[in-house]
Amino acid sequence: MLDTVRQSWKALVEKELASYALTILGKEVELPELAVQTPPKPELGDLAFPLFAYAKILRTAPPMLAASLKERIGKIPDRPLGDLLVAGSYLNIRIDTAALATSLSMAIEAEGSHYGENRSLGDKRITIEFSCPNTNKPLHLGHMRNDSIGESISAIMKANGATVRKVNLINDRGVHICKSMLAYQKFGKGETPESTGMKGDHFVGKYYVKFAAWAKEEPSAEQQAQEMLQRWEEDDPVVMELWHRMNKWTLDGLSESYEKMGISFDHYYYESETYKYGKDEILKGLDKGVFYREEDGSVWVDLENIKLDKKVLLRKDGTSLYMTQDVGTAIMRHKDWPFDSLIYVVASEQQYHFKVLFHVLALLGHTWAEDLHHLSYGMVNLPDGKMKSREGTVVDADELLLQLTGLAAAEIRSKQREEQVGDVDKTSSAIALGALNYYLLQVNPLKDMIFNPTESISFNGNTGPYLQYMGARISSMLGRYESEGGDRTKRPFDSSLLTLSDERELIKQIALYPEVVARAGAELDPSLLCSFLYELSRLFSRWYHDNPVLKAGSDELVRARIELSAMVMQVLKNAFALVGIPFLHSM
RNA sequence: GCUCUGAUAGCUCAGCUGGAUAGAGCACUUCCCUCCUAAGGAAGGGGUCGGGCGUUCGAAUCGCCCUCGGGGCACCA
């Protein structure tokens with residue numbers, strides 16, 4: 001909505017520049033495109049057009065040019081509403097925020113939870129793969145970053161008009177899975193998650209750790225695990241029974257974690273079912289002549305034209321590899337649910353793998369291979385270095401969430417807010433989740449991030465709970481307004497009363513929201529929404545601290561400020577939904 | 001060796017399709033609850049934007065070189 005205003009001013013200034021050029025030079029000239037910027041301070045207006053670039057061509061000093069343009073445009077009778085300002089070498093515009101507020105209010109009223117969405121992705125069908133845990137241990141912080149990003153990007157793509165299918169590929173086979181099975185067989189003594197009261201994934205994880213300890217003393221441990229894998233591949237009934245049982249334990253545990261973290265999927269794939277896929281596809285490529293066979297029987301792809309090396313696609317014994325599987329699963333997924341685009345949310349260490357994978361799929365002639373994306377995210381490190389499972393520095397997901405929830409509950413109690421909050425457990429879980437998602441999504445996905453436990457459990461400053469607090473404050477304010485007989489659906493309201501600098505800033509920020517949604521989608525970057533949210537909350541916070549809303553004086557001013565607050569709340573709600581922050585009416 | 005990626009305040013991060021005195025949060029020093037929830041607000045100190053050269057009227061932002069950090073380059077996943 002802000003963009004419409006911006007574009008109409010830009011077109012107008014460009015037109016006047018051209019006409020000015022004609023007057024000065026007596027002929028038409030090609031002028032550089034006009035840049036539209038935001039002035040650094042509110043006093044300088046809302047839009048800025050730097051004029052440096054025209055000085056030479058028009059033989060006019062930029063401040064002079066700004067003054068001329070101001071005069072010319074000022075005379076145009078049907079120009080857009082707003083004031084023109086000359087600020088040094090810039091021509092600035094103070095837009096008519098009252099008019100903007102009126103149209104925003106109508107738009108938000110009409111669109112509600114859909115305000116900010118767009119149809120830029122049309123009805124594009126996008127499959128998004130994320131999470132993809134192993135079934136031998138519980139989730140840790142690294143998974144949480146993956147899950148937060150995956151869930152958020154899915155929501156963002158939907159908000160940009162796409163139809164999204166979220167898929168999870170469970171890594172439930174392989175030698176690492178056999179390790180926990182083997183350790184359980186040797187040391188488990190028949191205990192179960194039920195008998196020990198442990199969550200299934202933690203229970204299985206315990207045996208994975210146990211295997212590592214045991215392998216230090218028993219040299220044949222690794223080999224025994226390999227043998228078990230062999231038996232698994234041969235469908236040995238004893239191994240299969242154990243495998244089914246232990247996988248169920250882990251998956252039940254993971255489901256519980258997902259549920260708590262607000263993560264869900266439209267479809268689960270299991271590597272035990274997909275790991276043999278892909279072989280036929282590779283052979284098809286061989287027939288087509290896009291791959292080649294070495295003398296020893298292995299199948300390769302030459303990646304010279306994308307400036308990479310050669311890559312094996314099938315072993316000499318004809319068996320599959322990681323790459324083979326991924327080729328197979330991509331094709332199978334497309335058969336299951338024909339997509340236009342596929343996004344993999346996978347750590348940045350696999351960039352090479354995906355470059356090759358996408359190229360191989362293109363070589364096989366799949367048209368959809370042109371729209372494959374690796375949403376690569378950086379590692380999560382701790383202040384004193386990397387997380388290392390061997391050194392026990394891994395931050396466990398369930399534990400962290402539990403700790404955060406406990407702290408939130410303690411905060412509610414210390415403020416004696418139990419009564420207003422109602423369900424303390426539910427509210428503290430929501431606060432914990434908001435804190436965690438915001439902390440993880442705040443950083444640009446591409447970058448490595450440092451997870452500071454002390455900072456992450458703080459609810460002050462630039463945090464999820466700060467945002468939730470602003471939402472809750474507005475909610476209770478609106479509640480009071482209505483309980484005191486106010487009617488906030490009554491329209492129109494007098495937007496011309498919103499003249500304070502902070503009010504103008506808030507109106508612009510609200511108007512900016514749809515653009516942020518679009519950009520977050522285009523750049524696959526939820527952190528843009530986090531920055532936006534923080535800025536919106538900070539503006540609101542400052543404004544309502546200094547300016548009474550319910551006690552503003554006149555009914556009209558109260559009504560106008562209530563409307564502004566309600567708009568902020570709706571935008572907070574909508575944006576929260578895209579970054580996994582639960583909206584709270586009270587906290 | 002080849003390649004991708006990063007370096008901004010003591011710490012964690014924004015800003016990077018070039019533009020006006022480089023912004024937040026935390027931490028530190030002050031101040032503000034007879035007033036809609038102080039999970040808040042205000043003020044202050046703190047920066048040669050890793051270094052150099054270049055392009056430009058103008059560079060944290062673009063290009064080249066260098067330094068340092070992280071990843072990747074398996075018939076592992």
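Going by the structure above, here's the rest.
Attention in this report is confined to the structure presented alongside it. (Residues numbered from 1 in each chain as written. Chains lettered and ligands numbered in written order. Predicted model: local features only at pLDDT ≥ 70, side-chain atom pairs only at ≥ 80, totals over all residues. Heavy atoms only, no water.)

**What to know about the pattern of salt bridges**
Logical step 1: With the rule as written, the count across this model stands at 32 salt bridges.
Logical step 2: The salt bridge partner of E151 is K166, with a shortest N-O separation of 2.7 Å. A residue pair is termed long-range when its members are at least 10 positions apart, and E151 in helix α5 (residues 141-159) and K166 in strand β5 (residues 163-170) qualify at 15 residues.
Logical step 3: Among the ionic pairs, R559 bridges to E563, the shortest N-O distance being 2.9 Å. With R559 and E563 both in helix α22 (residues 555-579), this residue pair falls four residues apart, about one helical turn. (Salt bridge = Lys/Arg side-chain N within 4 Å of Asp/Glu carboxyl O. Helix = DSSP H or I, 4+ residues; strand = E, 2+ residues; numbered from the N terminus.)

**A look at the sheet that holds strand β2 (residues 82-87)**
Logical step 1: Spatially, the three strands line up as an open sheet ordered β1-β3-β2, and their pairing is antiparallel. Taken across any chain shown, the strands that pair with only one partner, and hence form the sheet edges, are β1 (47-50) and β2. Geometrically, the sheet is characterised by an average inter-axis angle of 20° between neighbouring strands, direction not taken into account.
Logical step 2: As paired strands, β2 and strand β3 (residues 90-95) are joined by six bridges and run antiparallel to one another. Within β3, the residue paired with V86 across the bridge is L91.
Logical step 3: On the sheet, helix α3 (residues 62-75) packs against β2 and β3 and is oriented at approximately 160° with respect to β2. (Pairing = 2+ DSSP bridges. Axes fitted to C-alpha atoms, helices over the stretch in contact; angles between N-to-C directions. Contact = heavy atoms within 4.5 Å.)

**Examining the environment of A11**
Logical step 1: Relative to the assigned elements, A11 resides in helix α1 (residues 2-25).
Logical step 2: A11 sits in the partly exposed class, given a relative accessible area of 43%.
Logical step 3: Distance in space between the C-alpha atoms of A11 and Q226 is 69 Å, their sequence separation being 215 residues. (Buried < 20%, exposed > 50% of the residue type's maximum accessible area, 1.4 Å probe, protein only.)

**Brief notes about the protein's contact with RNA strand B**
Logical step 1: By nearness alone, 61 residues border RNA strand B, and Y90, D296, K386, K415 and Y544 come closest of all.
Logical step 2: Taking the atoms of RNA strand B that fall within 4 Å of the protein, sugar and phosphate contribute 58% of them.
Logical step 3: Take S298: an N or O atom from its side chain is 3.4 Å from a base nitrogen of RNA strand B.
Logical step 4: Q351 places a side-chain nitrogen or oxygen 2.8 Å from a sugar or linking oxygen of RNA strand B.
Logical step 5: Contributing elements (two or more residues each) for the surface near RNA strand B: β3, α14 (351-363), α15 (397-414), β13 (449-450), α19 (464-483) and α21 (527-546).
Logical step 6: The dominant element in the surface near RNA strand B, judged by the number of residues it contributes, is α19, at seven residues.
Logical step 7: For the surface near RNA strand B, the class distribution of residues is 27 nonpolar, 16 polar and 18 charged. (Near = heavy atom within 4 Å. Polar contact = N/O pair within 3.5 Å; in protein donor to acceptor, adjacent residues only side chain to side chain. Nonpolar A, V, L, I, M, F, W, Y, C, P; charged D, E, K, R; others polar.)

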